[in-house]
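Below, each chain spelled out in residue letters.
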Amino acid sequence: MASKTANNGKNVLISINPATLEVLGEIPMKTPQEVKEAVRGADRAFDGWAGLGVAERGRYLLKVRDYLLEHVDAYCDVISKENGKPRLEALSAELFLVTDLITYYVKRAPELLKDRPISLHNPIFKATKSSKLVYEPLGVMAVVSPWNYPFAIPMSGILFSLLAGNTVLFKPASDTAMIGLKIDEALNKGAGLPEGVFTTIIASGRAMGTALFEPPVRKVIFTGSTDVGKKINAICAKNLIPTVMELGGKDPMVVCEDADLELASRGAVWGAFMNCGQVCASIERVYVARPIYDRFVELCVEKTKALRVGQDLDHEVDIGPLANEEQLGIVEAHIRDALEKGARILTGGKRIQGLQGYFWEPTILVDVNHTMDCMTEETFGPTLPIMPFDSEDEAVRLANDSVFGLTASVWTKDPAKGDAIARRLQGGTVTVNDHAYTYGVCETPWQGMKESGIGRSHSDAGLMEMVFPKHVNTDHSLGFMKRRMWWYPYSSAAYEVQKMAFNAFVHAKAFPKFLLSVATRKDYRKTLY
Ligand code: NAD
């Protein structure tokens, strides 16, 4: 991504195809003042949208889904062109996920957002009061998203926010602003959302001001790097604005001695290199039981050498380019650091010559350890460092030796062992004999431990992030008593009666004694009516 000032004085983002470095277009950016106006517009639209009710809002979202289904090839094309991933990945990991999420949650949301009675155990409250949770939309939401899944990631936050009755300001990553505009097209043109309900903010994160993180914005759904997440969280904290933070990862794969090596090596190669390794839940480091280490490495090298890297013109490509020059620089630096500290490259290791774009050979590194950046910092590129371990305890210790905790996987033919190790690994999701794919399962939560995030997206928990569970409590004594037991006037009689009440709540058999005391203490009783 680059930016410049156009002839009309407006700053524009220059969208680039990372496979060819060809300019795809120039997109005007919003000024901080325009961002503020967009926030006010979203605030004005809120009451009307919230008032529609979940069923009507769901009908709008079904129109989004149908628009996407009608234009699926055009969406896969633009995602592939601006982001670099093969169209098959755009289809399976971006479009499918979104249409499935809409279908499932439009049906499910009315049940989840229904008022929920709270059963009260205290006999006095049970007899005279009722309580319930009423799930109210929060108001204006800001969805800020990264470039690596430029369609699926923002869409899940946007769709849940809208379904719950919020209005949304959406800031796509600067590297994928065109895809951001395609999202805008599906919602505003495809579904015809009322004005102000959904607004796309094309802007540079650093220069757009802080209006997306201040009232009347009520919650921020951020996905991106841990560094930027911490900065945004700090601004939100000043304004007491809650956030969902889906941040970086350094996901480990643990391969036990009894693993199916063919399955595990295929899983490792896909998990490390899909989307050119630019996945928050990429397999970024592998720990393998020493007796099977050599064979596992051999299988991974064989499979990696067979991968086809290039621009997706005819679908016959497995890996596209890195998304931008900065990312290429990080991959290069991590490999250089590893080599300087004694690692060896078994395949890959350099930029692909003869191709204009940001293409990097898928790379397998061995003789690695935790002094190396490739084992401790997020690489976010096509590298697969593999290290042996001698005991399960050592594997768990190495896997958990990270500031991150997004996902992890364990590979074994023994489900009980898989479950036992999964419980010990620190990650928001741990998969046994698979990796990362649960991002595409809309019923399961996506979440990070440690510096990988706060809160949840996807699943029922992700939808409930978008509402406020207001508590409504109603008295049903209908004027029978003119005051509650705990109101004025205070007196020694009131003190004695309340003491008995406390006893009665703890020991049911003390209840008659308490009722008797109320009935016989006339001095107290007369204060109640
Ligand atoms: P990034 O943090 O650089 O940018 C994310 C978004 O924040 C972009 O829209 C960007 O324009 C905006 N931004 C950047 N600086 C800003 C600032 N100072 N103020 C306001 N907004 C700002 O992340 P990225 O490079 O786009 O994405 C890669 C990162 O995202 C990786 O660390 C990856 O692990 C993480 N990620 C996490 C998940 C997850 O679910 N946990 C998913 C995808 C990506």
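Residues numbered from 1 in each chain as written. Predicted model: local features only at pLDDT ≥ 70, side-chain atom pairs only at ≥ 80, totals over all residues. Heavy atoms only, no water.

## A closer look at the overall build of the protein
Within the protein one finds 18 helices and 23 strands. In terms of overall dimensions, the protein has a C-alpha envelope of 95 × 65 × 40 Å along the principal axes. Relative to its full complement of 529 residues, the protein shows a buried share of 54%. For the protein, the share of sequence-separated contacts (at least 6 apart) that also reach a separation of at least 24 residues comes to 70%. With the model as given, the accessible surface of the protein reaches about 23400 Å², and the carbon-plus-sulfur share is 55%. When the 60 basic and 63 acidic side-chain charges of the protein are each reduced to a single mean position, those positions are 12 Å apart. (Helix = DSSP H or I, 4+ residues; strand = E, 2+ residues; numbered from the N terminus. Buried < 20%, exposed > 50% of the residue type's maximum accessible area, 1.4 Å probe, protein only. Contact = heavy atoms within 4.5 Å. Areas by Shrake-Rupley, 256 points an atom, 1.4 Å probe, with all protein chains shown as cover. Lys, Arg positive; Asp, Glu negative; His and termini not counted. Charge placed at Lys NZ, Arg CZ, Asp CG, Glu CD.)

## A short note on the nonpolar core
In terms of nonpolar packing, the biggest core is built from 61 residues, with Leu68, Val98, Phe151, Met155, Ile158, Leu162 and Leu187 touching the most fellow members. Secondary-structure elements contributing two or more residues to this core are α1 (32-51), α2 (54-70), α3 (72-83), α4 (87-112), β6 (140-144), α6 (152-163), β7 (167-171) and α7 (177-190). Ranked by the residues each element gives to this core, the list is headed by α4, at 10 residues. Ignoring anything within four residues of it in the chain, the contact list for Val98 reads Leu68, Phe151, Ala152, Met155 and Leu159. Counting residues in hydrophobic clusters, the runner-up holds 54 residues, among them Val297, Tyr358, Leu365 and Met387. (Core = buried A, V, L, I, M, F, W, Y, C linked by side-chain atoms within 4.5 Å.)

## Let's talk about the layout of surface pockets
The method is simple in principle: a probe with the dimensions of a water molecule rolls over the atoms, and the space it marks as empty is what remains. Within this model, the second largest pocket holds a volume of roughly 590 Å³. Looking at the second largest pocket, it is lined by 27 residues, and the ones nearest its centre are Glu89, Ser92, Tyr149, Trp270 and Met274. When contributions to the lining of the second largest pocket are tallied by element, the ones reaching two or more residues are α4 and α9 (261-273). No other element matches α4, which puts 5 residues into the lining of the second largest pocket. Counting contributing residues per domain, the lining of the second largest pocket is built from domain 1 (2-247 + 462-469) and domain 2 (251-440), each supplying no fewer than three. (1 Å grid on protein atoms, 1.4 Å probe; cavity = no way out; pocket = protein on both sides within 12 Å on 5 of 7 lines; lining within 4 Å. Points joined across faces, edges and corners; volume = space filled by probe spheres on them. Domains from an automatic or database assignment.)

## Structural notes on the packing of α2 against α4
Between two packed helices, the angle of one axis relative to the other and the distance separating the axes together describe the packing. Between α2 and α4, whose axes approach to 10 Å, the crossing angle comes to 160°. What the angle tells us is that α2 and α4 run roughly antiparallel. In terms of crossing hand, the pair formed by α2 and α4 is left-handed. Listed contacts from α4 to Val54, Gly58, Leu61, Leu62, Val64, Arg65, Leu68 and Leu69 of α2 are Leu95, Val98, Thr99, Ile102, Thr103, Val106, Ala109 and Pro110. Partitioning the contact of α2 with α4 into residue classes produces 12 nonpolar, 3 polar and 1 charged. (Axes fitted to C-alpha atoms, helices over the stretch in contact; angles between N-to-C directions. Parallel < 35°, antiparallel > 145°, perpendicular 65-115°, else oblique. Left-handed = near helix turned anticlockwise from the far one by under 90°. Nonpolar A, V, L, I, M, F, W, Y, C, P; charged D, E, K, R; others polar.)

## Here's the deal with the pattern of salt bridges
Using the criterion set out here, one finds 29 salt bridges in the structure. Its salt-bridge partner being Lys417, residue Glu392 comes within 4.0 Å of it at the nearest N-O pair. Of this pair, Glu392 sits in helix α13 (residues 392-400) while Lys417 sits in helix α14 (residues 415-424); the two residues are 25 residues apart in sequence, bridging distant segments of the chain. Of the charged contacts in the structure, one is a salt bridge between Asp523 and Arg521, with a shortest N-O distance of 3.4 Å. Residue classification places Arg521 among the partly exposed positions, given a relative accessible area of 27%. Residues joined by salt bridges that share partners form a network here, namely Asp77, Arg87 and Asp312. (Salt bridge = Lys/Arg side-chain N within 4 Å of Asp/Glu carboxyl O.)

## So, α14
Residues of α14 that are buried: Gly418, Ile421 and Ala422. Viewed along the axis of α14, the buried residues span an arc of 105°, placing them on a single side of the element. Every exposed residue of α14 that faces more than 90 degrees away from the buried side is listed here: Ala416 and Arg423. As for α14, its buried residues are in contact with α13, β17 (407-411) and β18 (429-432). The N-terminus of α14 is capped by Asp414, whose side-chain oxygen sits 2.9 Å from the backbone nitrogen of Ala416. (Arc of directions from axis to C-beta. Polar contact = N/O pair within 3.5 Å; in protein donor to acceptor, adjacent residues only side chain to side chain.)

## What about unusual backbone geometry?
Note that the residue after Pro215, namely Pro216, is joined by a cis bond; omega there is 10°. Pro489 follows Tyr488 through a cis peptide bond whose omega is 0°. Assignment of secondary structure puts Pro489 in the loop between β23 (467-475) and α16 (492-506). Although it is not a glycine, Phe380 sits at a positive phi angle of roughly 60°. Note on placement: Phe380 falls in the loop between α12 (373-376) and β15 (383-389). Given the relative accessible area of 11%, Phe380 is considered buried.

## So, the side chain of Ser265
For Ser265, the position within the fold is in helix α9. Using a relative accessible area of 0% as the deciding quantity, one classes Ser265 as buried.

Don't take any of this as a statement about function, it's just geometry.
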